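Structure at a glance
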Amino acid sequence: MPTVREIMDPNLPTVQPSDTVERVVHVLREHDVPGVAVVNDGGRCVGMVTQADLVIADEEGRDLHLPHMISLFGGVVFLEP
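Residues numbered from 1 in each chain as written. Predicted model: local features only at pLDDT ≥ 70, side-chain atom pairs only at ≥ 80, totals over all residues. Heavy atoms only, no water.

Let's shift gears to the overall build of the protein chain. Assigned secondary structure in the protein chain consists of 2 helices and 7 strands. Order of helices (α) and strands (β) in the protein chain, N terminus to C terminus: α-β-α-β-β-β-β-β-β. For the protein chain, the proportion of its 81 residues judged to be buried stands at 19%. A fraction of 21% describes how many contacts in the protein chain between residues 6 or more apart in sequence connect residues 24 or more apart. Accessible area for the protein chain stands at about 6400 Å²; split by element, carbon and sulfur atoms hold 55% of it. (Helix = DSSP H or I, 4+ residues; strand = E, 2+ residues; numbered from the N terminus. Buried < 20%, exposed > 50% of the residue type's maximum accessible area, 1.4 Å probe, protein only. Contact = heavy atoms within 4.5 Å. Areas by Shrake-Rupley, 256 points an atom, 1.4 Å probe, with all protein chains shown as cover.)

Encoded structure:
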């Protein structure tokens, strides 16, 4: 049976705790990944942020994706829900 080291990708994108949600959205979209590791200044993983962290349910239990945004000219524009 293979080990995690043998199948993992050690070069995944990361963000820092001080990064904005907008930066996380850019990284997720740019790298087409469902989540990123949050690393501190020493390079130690201190958490994860996933697409699921950016989704909440409305009153009827349906997924309401937040933040609502569009990409425009290489930037992200956040829209009111």
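This brings us to the sheet that holds strand β3 (residues 45-50). Ordered in space as β1-β2-β3, the 3 strands form an open sheet in which the pairing is mixed. Sheet topology places β1 (14-15) and β3 at the edges, where each strand pairs with a single neighbour. Pairing geometry for β1 and strand β2 (residues 35-39), over 2 bridges, is parallel. Within β2, the position partnered with Val 15 by the bridge is Val 38. Helix α2 (residues 21-31) rests against β1, β2 and β3 of the sheet, and its axis sits at about 130° to β2. (Pairing = 2+ DSSP bridges. Axes fitted to C-alpha atoms, helices over the stretch in contact; angles between N-to-C directions.)

A few words now on the pairing of β3. As defined by bridge partners, β2 adjoins β3 across 5 bridges and the pair is classed as antiparallel. Its bridge partner being in β3, Val 38 is matched across the sheet by Gly 47. Here β2 folds back onto β3, and the loop between the two strands holds 5 residues, one of which, Gly 43, carries a positive phi near 85°.

Below, the discussion takes up the nonpolar core. One finds Val 15, Val 24, Val 25, Val 27, Leu 28, Val 33, Val 36, Val 38, Val 49 and Leu 54 forming the largest nonpolar core, which totals 10 residues. Of all the secondary structure elements, the ones that give two or more residues to this core are α2 and β2. Ranked by residue count, the leading element in this core is α2, at 4 residues. Look past the residues within four positions of Val 36 in its chain and what remains in contact with it is Pro 13, Val 15, Val 24, Val 27, Leu 28, Gly 47, Met 48 and Val 49. (Core = buried A, V, L, I, M, F, W, Y, C linked by side-chain atoms within 4.5 Å.)

Of note in the backbone geometry, Asp 32 takes a positive phi value of approximately 50° without being a glycine. Position of Asp 32 relative to the elements: it lies in the loop between α2 and β2.

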